[in-house]
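# Notes for the structure review
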Amino acid sequence: MRGWWQDLTDLVLPAECGGCGTPRTVLCDGCRAALSGAVPRRVRPVPEPSGLPAVYAAAPYADEVRAALLAHKERGALALAGALGAALAGAVRAGLRDGYQDGPARLRDGFQDGLAGLRDGRAVRIVASWHGTAGGADTSGPVLLVPVPSAPWAVRARGHDPVRRITLAAAAELRRAGIPARVVPVLRQRRAVADQSGLNARQRYANLAGALEVTAGGARLLAGGRVVLVDDLVTTGATLAEAARAVRETARAEGAGEATTAVYRRAAWEGREERKTGPEEERAKWARNTSGMAEVNGLAGPVRAAVVAAAPDSFEMNRN
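All values reported here derive from a predicted model rather than from experimental measurement.

## Considering the overall build of the protein
Across its full length, the protein holds twelve helices and 13 strands. In the protein, the share of contacts with a sequence separation of at least 24, taken over all contacts with a separation of at least 6, comes to 76%.

## A closer look at the environment of Tyr56
One can find Tyr56 in strand E2 (residues 54–60). Tyr56 sits 178 residues away from Val234 along the chain, and the two C-alpha atoms are 9.6 Å apart. There is a polar contact of 2.9 Å between the side chain of Tyr56 and the side chain of Asp98.

## Description of the packing of helix H3 (residues 63–74) against helix H7 (residues 162–176)
Across the interface, H3 lies against H7 with an axial gap of 9 Å and an inter-helix angle of 115 degrees. Considering the angle they form, H3 stands roughly perpendicular to H7. The interaxial crossing formed by H3 with H7 has right-handed handedness. From H3, Leu69, His72 and Lys73 reach across to H7, where they touch Pro162, Arg165 and Ile166. Residue classes in the contact of H3 with H7 are distributed as three nonpolar, one polar and two charged.

## A closer look at the layout of surface pockets
Volume-wise, the largest pocket comes out at about 960 Å³. Around the largest pocket, the lining is made up of 32 residues, and of these Lys73, Arg158, Asp195, Gln196 and Arg204 lie nearest the centre. For the lining of the largest pocket, the elements supplying multiple residues, two or more each, are H3, helix H6 (152–158), helix H8 (201–208), strand E9 (226–234) and helix H10 (238–256). Within the lining of the largest pocket, the residues separate by chemical class into 17 nonpolar, eight polar and seven charged.

## Focus on the pattern of salt bridges
Summed over all chains, the structure comprises seven salt bridges. The salt bridge partner of Glu213 is Arg188, with a shortest N-O separation of 2.8 Å. Of the two residues, Glu213 sits in strand E8 (residues 212–214) while Arg188 sits in strand E7 (residues 187–189), which places them 25 residues apart along the sequence. Close ionic contact of Arg245 with Glu249 constitutes a salt bridge, the shortest N to O distance being 2.9 Å. Here Glu249 and Arg245 lie together in helix H10, a separation of four residues that amounts to about one turn. A relative accessible area of 42% means that Glu249 is categorised as partly exposed. The structure contains a network of salt bridges with shared partners spanning Arg188, Arg190 and Glu213.

## Quick look at the sheet that holds strand E1 (residues 41–43)
Spatial ordering of the open sheet is given by E1-E2-E13-E9-E5-E6, a layout of six strands whose pairing is mixed. Across the chains shown, the open sheet's two edge strands, defined by having one partner strand only, are E1 and strand E6 (181–183). On average, each strand axis in the sheet is inclined to that of its neighbour by 35 degrees, with strand direction left out of account. Of the pairings in the sheet, the one linking E9 to strand E13 (residues 304–310) comprises six bridges and is parallel in character. Of the residues in E13, the one forming a bridge with Val228 is Arg304.

## Some details on the pairing of strand E5 (residues 143–147)
Taken across its five residues, E5 has five buried, putting it largely inside the fold. Neither face of E5 is left uncovered, since the one carrying Val143, Leu145 and Pro147 and the one carrying Leu144 and Val146 both have all their residues buried. Inspection of the sheet shows E5 paired to E9 by five bridges, in the parallel sense. Paired with Pro147 across the strands is Val230, a residue of E9.

## A closer look at the nonpolar core
Grouped burial of nonpolar side chains is what soluble globular proteins tend to show. Membership of the largest hydrophobic core comes to 37 residues, with the highest contact counts inside it found for Leu27, Leu35, Val92, Val143, Leu145 and Val308. Element by element, the count of residues in this core is highest for helix H4 (residues 81–101), at nine residues. Apart from the residues lying within four places of it in its own chain, the contact partners of Val308 are Leu35, Ala57, Ala58, Ala59, Leu69, Leu84, Ala87, Leu88, Ile166, Asp231 and Asp232. Ranked by size, the runner-up nonpolar core spans 29 residues in total, among them Val148, Leu229, Leu240 and Ala310.

## Things to note about the confidence of the model for the protein
The predicted model of the protein has a mean per-residue pLDDT of 76, with 67% of residues at 70 or higher. Per-element averaging of pLDDT across the protein places strand E11 (residues 268–269) at the bottom with 32 and E5 at the top with 98. pLDDT under 50 marks residues 102–137. Its contacts with residues more than four places away, or in other chains, come to 109 contacts. Confidence drops under a pLDDT of 50 for residues 256–297, and excluding neighbours within four residues, the segment shows 82 contacts in the predicted structure.

What counts, and where the lines are drawn
- For every chain, the first residue of the written sequence is number 1, and numbering continues from 1 onward in sequence order.
- Per-residue local features of the predicted model are confined to residues with pLDDT of at least 70, and side-chain atom pairs are confined, for both listing and counting, to 80 or more; whole-chain, interface and lining totals are unaffected and use all residues.
- Computation of side-chain values covers all heavy atoms of the structure but excludes hydrogens and water.
- By the criteria applied, helices consist of DSSP H or I runs no shorter than four residues and strands consist of E runs no shorter than two, each listed in order from the N terminus.
- The contact rule is simple, with two residues in contact once any of their heavy atoms fall within 4.5 Å.
- Throughout this description, a polar contact denotes any pair of N or O atoms lying within 3.5 Å of each other; where both atoms belong to protein, one of them has to be capable of donating a hydrogen while the other can accept it, and for residues adjacent in sequence the pair is counted only when both atoms sit in side chains.
- Axes, fitted as lines to C-alpha atoms, cover a helix only where it is in contact. Angles between the N-to-C directions of the axes lie from 0 to 180 degrees.
- Here the word oblique covers every angle except those under 35 degrees (roughly parallel), over 145 (roughly antiparallel) and from 65 to 115 (roughly perpendicular).
- Handedness of a crossing is defined here by the sense of rotation of the near helix relative to the far one, left-handed for an anticlockwise turn of less than a right angle and right-handed for a clockwise turn.
- Here the nonpolar group is Ala, Val, Leu, Ile, Met, Phe, Trp, Tyr, Cys and Pro; Asp, Glu, Lys and Arg are the charged ones; every other residue, Gly included, is treated as polar.
- Definitions used for this entry: grid spacing 1 Å over protein atoms alone; cavity, a set of points where a 1.4 Å probe fits but cannot get out; pocket, an open set with protein on both sides within 12 Å along at least 5 of 7 lines; lining residue, one with an atom within 4 Å of a point.
- Grid points are joined across faces, edges and corners, and a volume is the space filled by probe spheres set on the points.
- By definition, a salt bridge exists where a carboxyl oxygen of Asp or Glu is found within 4 Å of a side-chain nitrogen of Lys or Arg.
- The buried label applies to any residue whose accessible area, calculated with a 1.4 Å probe on protein chains only, is under 20% of its type's maximum; exposed applies above 50%, and partly exposed to all values in between.
- Here, a strand pair is defined by DSSP locating no fewer than two bridges between the strands.
- Among buried residues, the Ala, Val, Leu, Ile, Met, Phe, Trp, Tyr and Cys ones that are joined through side-chain atoms within 4.5 Å form a nonpolar core.
- Values of pLDDT, ranging from 0 to 100, describe the predictor's confidence in every residue of the model.

Spelled out as C-alpha cells, the structure:
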C-alpha cells in the first residue's frame with residue numbers, strides 16, 4: 001500500500017518521464033505528443049463483440065503510450081493522471097462530436113427500423129436528430145463518465161484505482177472546456193472474474209459475460225445524461241461490451257418496465273395519420289429544428305465509450 005508521503009513525492013519531484021524515462025519530468029513533450037497529439041478516432045476490435053458501443057481512442061497502445069499507462073496503473077506514477085485524463089477527454093469529445101454529426105442513425109441503438117414501443121402498446125417513429133453542437137458542448141444533458149470497475153483485489157494490490165483516477169481528471173478537463181461532465185461510478189462486479197491478461201478474445205467474453213451490474217439507485221443517476229463508458233485501454237472490447245449491456249438493461253428496466261420508452265418532442269404515431277411535412281427540404285428543416293433531445297431508455301442518446309488507448313490493429317481496421 002502506497003503511503004501519502006510517497007504520492008506527494010511523486011507529484012512534487014517526478015523522477016522520470018512515464019513514457020521514455022527522461023529524467024525530472026512527468027511526461028516529456030515527445031511522449032505527450034504521442035499520447036494526445038493526434039486526433040482521437042473511432043476504433044473497432046477485430047473481431048468486434050456483439051453489443052460493443054462506438055469506442056473512441058486517443059492513441060495506439062504502443063511504445064511511449066503503453067509505457068505511460070503501465071507506469072500509472074502498475075507502478076503508481078499518479079502524476080501521469082492529468083495527461084492521461086486529458087487524452088481521455090479528447091476521446092470523449094470526439095465521440096460527442098461524431099454523435100452530433102450522425103446522431104439520427106445512432107439514436108436507434110436498441111431499436112429496429114427506427115421504431116420504439118411504448119407502454120400502452122403504441123409505437124413512435126424516431127424522427128428527431130441528435131441535439132448538440134459539433135464541439136460537444138450542448139444542453140441535451142450532462143456528460144456522464146462511467147468508469148469500468150477494477151476488480152477489488154487489483155485495487156488493493158495497486159493501492160489505487162487507475163481508471164477512476166484518470167476518469168476524474170478527464171471530467172475536470174471537459175468542464176474546463178465548457179462541457180458539463182461528471183463521474184458516475186455506478187458499475188460494479190457482481191461476481192468474481194479471472195485476470196484477463198492471459199486470456200484470448202473468446203475466453204474474455206466468457207469470463208465477463210454477466211459479470212457487471214449497475215448499483216442500486218444507479219439508474220436514477222444515469223437518467224437524462226449522455227453516458228460514456230470509459231477505460232484506460234481497449235483490446236478485445238469484451239469489457240466495454242459487458243459494461244454497455246449492464247447499463248442498457250438497467251435503463252430499460254427502470255425506464256420502461258416490459259417495454260421501451262422513447263419520448264420525442266416531434267414524432268409520428270404509427271397507425272395514425274402521418275404528419276404532413278411538405279417537401280423534402282421542409283422535412284429536413286423540421287428535423288434540424290427539433291429543440292429537445294430525446295431520451296432513449298432514460299438516457300440522452302445511445303451509450304458510447306472512450307479510452308486512452310487501443311490496440312494498433314483496431315485503428316488500422318477503422319472504416320469511418
